[in-house]
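# Observations on chain architecture
These are the residues of each chain, in order.
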Amino acid sequence: MSDLVTLKIDGIEVSVPAGTMIIEAANKIGREIPVFCYHSKLSTVGVCRVCLVKVGTPGFDRATRQPILDVAGNPVIRFFPKPMPACSTPVSAGMEVITESKESLADRQAILEFLLTSHPLDCPVCDKGGECPLQDLTYAHGRGESRFEYQRKHTSPKKIPLGDLIVLDTERCIICTRCIRFQDEIAGDHVLAIENRGRDAKVVSYTEPKFDSKYSGNTTDICPVGALTSRDFRFKDMNKPGVRIWELTNVPSISNYCNMGSNLVLGTHVGEIRRVMPRQNELVNEIWLTNKTRFGHHFHSSSHRLTAPLIKENGKFKQATWEDALSLIATKFHEAGEHIGGIAGPHLSNEDLYLFQKLFREVLNSNNIDHRICLNSAIDDDLAYEIGVGIGTDIGQLAENSAIFLLGSDLDEEASMLYLRVRGAVRRGCHLINANGRYTKLDTVANTKLRYNYGSAVHLVLGMTATILDEGLEDKNFVYARLEGIDKLKTKLQAYTPEKVADITGIDADIIRQAARDFAKAENGIILYGAEAGNDTALHASIRNLALITGHVGKKDNGVTAILPHCNSRGAADLGVIPHRLPGYHPVADEIGMSAKEMLQPNHGLQAMYIVAADIVGEVVTCKSAIETTDFVVVQDLFMTETAKLADVVLPAKAIAERDGSYTNLERRVQVYDPAILSPTPTCWADWHIITAIAGRLGAEWTHASADGVMQEITEQVSLYKHMSFENLTKPISLERKRQHYIYSGMSFTADVREGVQWATRAENQASFFELKFIEPENDMPQSDIILVAPRVAYDGGMLISQAEILANLIQQPKATLSPSVAQRLSLSKGDTVQLTSSVGSVALPIAIDGKLPDNVVLTPRNLAGSVAEQLLDGHNIFIGVKIVH
Amino acid sequence: MWSEKEQRELEKMLPQYNTKRSAVLSALYLAQQEKNWLDDDDIKAVADALDLTVTDVHSVIGFYTLFRKEPTGKYIIQFCTDLPCALRGATKFYHELAEQLGLPPEGGTTDDNMFTLEEVVCIAACNNAPCCQINLDYHENLTHEEMSNILSKLRAKSEKESTTQP
């Protein structure tokens, strides 16, 4: 903790850490100094000058170097002759600040008058109107009338599209550079800049495509004047009558696209979502949202929504009543007996997932359930249960004494919100070790970049663990008190010294050693691992050992997080929608059921299948025959998906904004969302409601009438979730915490700010013991010169996101990305098509060339149109050896 | 034009800089040397060579008046007509020069693409007004006779260059 400095602001004494700027010190005692360019999340530039205040410091006698005292013995304060900017003047001992002196008020008035010389005053048609700092400050400090002739105002171009999503109004812009600093500092996409000087200065983007950033929507929130507005909400821009922000009803919700569970506000107007804004949660998304979350809400109002139950007769769907549909389902499920299987998508709420497994286990007596539809990218682990990140972990605050070991994940694509937070941690001094088989965006800031050969991530982890034990860097107290099997592990690891794994991983032994030291010596350590590290028990065991021996478990800012693909993948694992585990990570007592992989084999032997919120065929086209050969298939979804087309009964569900429920994020934080709008027709039911109805037809006597009623049962039945009652989850944060959260974002809406509740891992119980497990890695390195890697990308071919017209240009089209030298070797150029062949299948794809890709990798994202990557993968890892033919 | 020659020269310079980004002014100067202005390809080349985005490079170009994104004549005459110069007759001189070059009062480029005339605000040589900057060279205490001399010398120089470089 740095030293405290005491100063007086408007006569009130306040103590703040040395180096704090006056503005933050003033904020601490509730004195709000007006700002435009200053933003607490961005670097300080001091360009707008609206925060000028009167500042004085105690006078010192030059000869004696003693403070000059007045007759009463108090130090004489000497005020600076000119006003000082509060945003960039650091506090000093004995300083006195007057925030609203006569001079400062005159300065503010003058600054505002200058800013308004070119500002168009088109507030009546401006989207920012009503939540605009310039409007508010003009109201508070402006002159009231202008001395400039309105006709002679400086005008400049309006409505310049900065990319597909954001519109720039140059004459509203006051060149505060908040947007540019956000892009450079927070997002790491240097795609905005100021061009020219003086009157000609303007925000520009020359990058192709323009303003190419997954986070660009945030600039519209932090823009203090309405120069940047989103095309999605912009007045009368989408062939819809405009709506003013004060007409919106703001409802707290959670992103259905974000595996961190970004908090958001749904702004609704006459039953329709009109805009999505971030809701501050410093532990999850701070004040940011990804564009996917912000602009991807259009599926709610899509005209393609299912509106009534459908029953297939002679190959054609006919609209049916719920009565008929439920009766038919009950009869058929009853007939199928034990030959029934269920797949529930990880986009469902915890309540739906819990009831889904309860239906199968208690009513249908089957363990044939799974949520891991996307065969390859689902990471099946129970590391979270044992050593997930400690309660209160806040990557948004990690700094110098911490290290993050990121293994096998491109966070920018797979967990965009986590990308922002990890990037922020690195900026504050956290040590980032980024290990992957290829370049990923975090390499631009990573302290250590490790490039392993695909399939050898486990060897890298073993090499690091061996180093730590060899050099005695393990957390000895922790090892002594809570671990067993350290000697056995040491013996086993003799075969995996850095020298011995250098060859297989392709990483120099000394670099492995240094990475191990950096991770072990950090006070706090977090391991994030994703699908590109591989997906086998040896890898998970090695990660577990590394976290345990370094003692980086069971406390805040320490632990392990798997980068799971969907918004509630964690909840699905927690609540036992998996063939071998009951809710709360208890192993099943009876026979282990069939996994999704087994159920989706052609000869699965199932008579009936119940598929909820999962477009299996859309994601993995090769699963089609498995579903076709099933006698009776029920699909419950929002849309007539490729999977639903094969069903015998299709049930219409409610979308997220039409109901309440809860999601559990990557870091095991359970968060609730509220209902905001009505579903297209009353015949759409919430998923938990439909499951309850089916259970009722099958003789169960469930009495659930609401999602929070289901959660109540979960709190009683699943000990991990015992604190997760809706009452706890919807508790707004305290006033004191709100004060800490105070930021300058220009958001004037009010919606409950909540923080969610995390469940405790086993390691957090100080009395728990762990046995170190060593699993010999299988050598399953792809045996090929070229390896196909199929990571998940943000803009994939998902059903929900494809309903948002505004994002249509961003959806990735299937292609094979190669390095320039491979392209040259095969004499390929842009626009050519190649045939990729693996041991599983063969597809033709157009190529793209990326200079940052290693020569042995071809990149084809998964879950794109036609599921091309999936046709080449064998369902275990997300990489496989391939042959490329021109 | 950014060619291998420029790339080689840039690589020679890079070790002098702490970060690649710091070399952006020198790189732009190299890129602009030949034809006096920067086209999109030049900007892209500089961005790629220094691991910057195109937007970043545009931002630097926009800040400095000596970098240009529009075609210009071979010699750019920046003629100051700000107050101190005007007091020494610079405005009148400027208009006469424009007329002499066959250009409108707001300046522009001569038909033969030899000269671009620009009215600028202060080149920090007020004491020796009328004054102008032609490319990187200053010309002070100008008279019309001198100015004509300078222009014809430049024309001759340009001709000589074009004959020696077939």
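Residues numbered from 1 in each chain as written. Chains lettered and ligands numbered in written order. Predicted model: local features only at pLDDT ≥ 70, side-chain atom pairs only at ≥ 80, totals over all residues. Heavy atoms only, no water.

Another aspect to go through is the packing of helix α8 (residues 350–363) of chain A against helix α23 (residues 707–717) of chain A. Residue and element names in this part refer to chain A. Running from N to C, α8 and α23 cross one another at 65°; their axes reach a closest spacing of 9 Å. Pair α8 / α23 crosses with left-handed handedness. From α8, N350, E351, Y354, L355 and K358 reach across to α23, where they touch A707, V710, M711, E713, I714 and Q717. Here the contact of α8 with α23 is built from residues that sort into six nonpolar, two polar and three charged. (Axes fitted to C-alpha atoms, helices over the stretch in contact; angles between N-to-C directions. Helix = DSSP H or I, 4+ residues; strand = E, 2+ residues; numbered from the N terminus. Left-handed = near helix turned anticlockwise from the far one by under 90°. Contact = heavy atoms within 4.5 Å. Nonpolar A, V, L, I, M, F, W, Y, C, P; charged D, E, K, R; others polar.)

This part takes up the sheet that holds strand β14 (residues 272–278) of chain A. Hydrogen bonds between backbone atoms are what pair the strands of a sheet, whose relative direction is either parallel or antiparallel. Residue and element names in this part refer to chain A. Spatial ordering of the open sheet is given by β12-β13-β14, a layout of three strands whose pairing is antiparallel. In this open sheet, the two strands that pair with only one neighbour each are β12 (249–254) and β14. Between one strand and the next, the sheet's axes are offset by a mean angle of 30°, whatever the strand orientation. Two strands pair when backbone bridges link them, and strand β13 (residues 263–269) and β14 are joined in this way by six bridges, in the antiparallel orientation. Residue G267 lies in a different strand from β14, and its bridge partner there is R275. (Pairing = 2+ DSSP bridges.)

To continue, consider the environment of A:P791. Residue and element names in this part refer to chain A. In this structure, P791 sits in the loop between β34 (786–789) and β35 (816–818). Separated by 78 residues in sequence, P791 and A869 place their C-alpha atoms 9.2 Å apart. Other than its neighbours up to four places away in sequence, P791 contacts R438, E532, L859, T860, P861, R862 and I878.

Take the packing of helix α15 (residues 498–505) of chain A against helix α16 (residues 509–521) of chain A next. Residues and elements named next belong to chain A. As a packed pair, α15 and α16 sit with axes 8 Å apart at the nearest point and diverge in direction by 110°. What the angle tells us is that α15 and α16 run roughly perpendicular. For the pair α15 and α16, the sense of crossing is right-handed. Of the residues in α16, those touching α15 at P498, E499, V501, A502 and T505 are A509, I512 and R513. Residue composition of the contact of α15 with α16, by class: five nonpolar, one polar and two charged. (Parallel < 35°, antiparallel > 145°, perpendicular 65-115°, else oblique.)

So, on to the domain arrangement of chain B. When cut into domains, chain B gives domain 1 (4–63) and domain 2 (75–164). A C-alpha centroid distance of 28 Å is found between domain 1 of chain B and domain 2 of chain B. (Domains from an automatic or database assignment.)

Take the interface of chain A and chain B next. In this assembly, 12 residues from chain A lie in contact with 11 residues from chain B. Carbon and sulfur atoms supply 52% of the area that chain A and chain B bury against each other, a total of about 910 Å² over both sides. Contact with chain B buries area across many residues of chain A, yet A:H190, A:R197 and A:Y206 alone supply 54% of it, more than any other trio. Put simply, chain A and chain B have one salt bridge between them. Two residues, A:E195 and B:K69, come together in a salt bridge whose shortest N-O distance is 2.3 Å. For the pair chain A and chain B, the number of links is eight residue pairs in polar contact (both at pLDDT 80 or more). It is strand β9 (residues 193–195) of chain A that provides the largest number of residues to the side of chain A that touches chain B, a total of three residues. When its residues are assigned to classes, the side of chain A that touches chain B shows six nonpolar, four polar and two charged. (Buried area = accessible area lost by both parts, 1.4 Å probe. Salt bridge = Lys/Arg side-chain N within 4 Å of Asp/Glu carboxyl O. Polar contact = N/O pair within 3.5 Å; in protein donor to acceptor, adjacent residues only side chain to side chain.)

Residues and elements named next belong to chain A. By domain assignment, chain A separates into domain 1 (4–100), domain 2 (118–299), domain 3 (310–378 + 568–704), domain 4 (383–562) and domain 5 (786–885). Between domain 2 and domain 4, the residue contacts involve 20 residues of the former and 17 residues of the latter. Roughly 1,400 Å² is buried in total at the junction of domain 2 and domain 4, and carbon and sulfur atoms are behind 51% of that figure. Put simply, domain 2 and domain 4 have five salt bridges between them. K214 is paired through a salt bridge with D412; the nearest N and O atoms lie 2.8 Å apart. Taken together, domain 2 and domain 4 are joined by 12 residue pairs in polar contact (both at pLDDT 80 or more). Counted by class, the side of domain 2 that touches domain 4 contains nine nonpolar, five polar and six charged residues.

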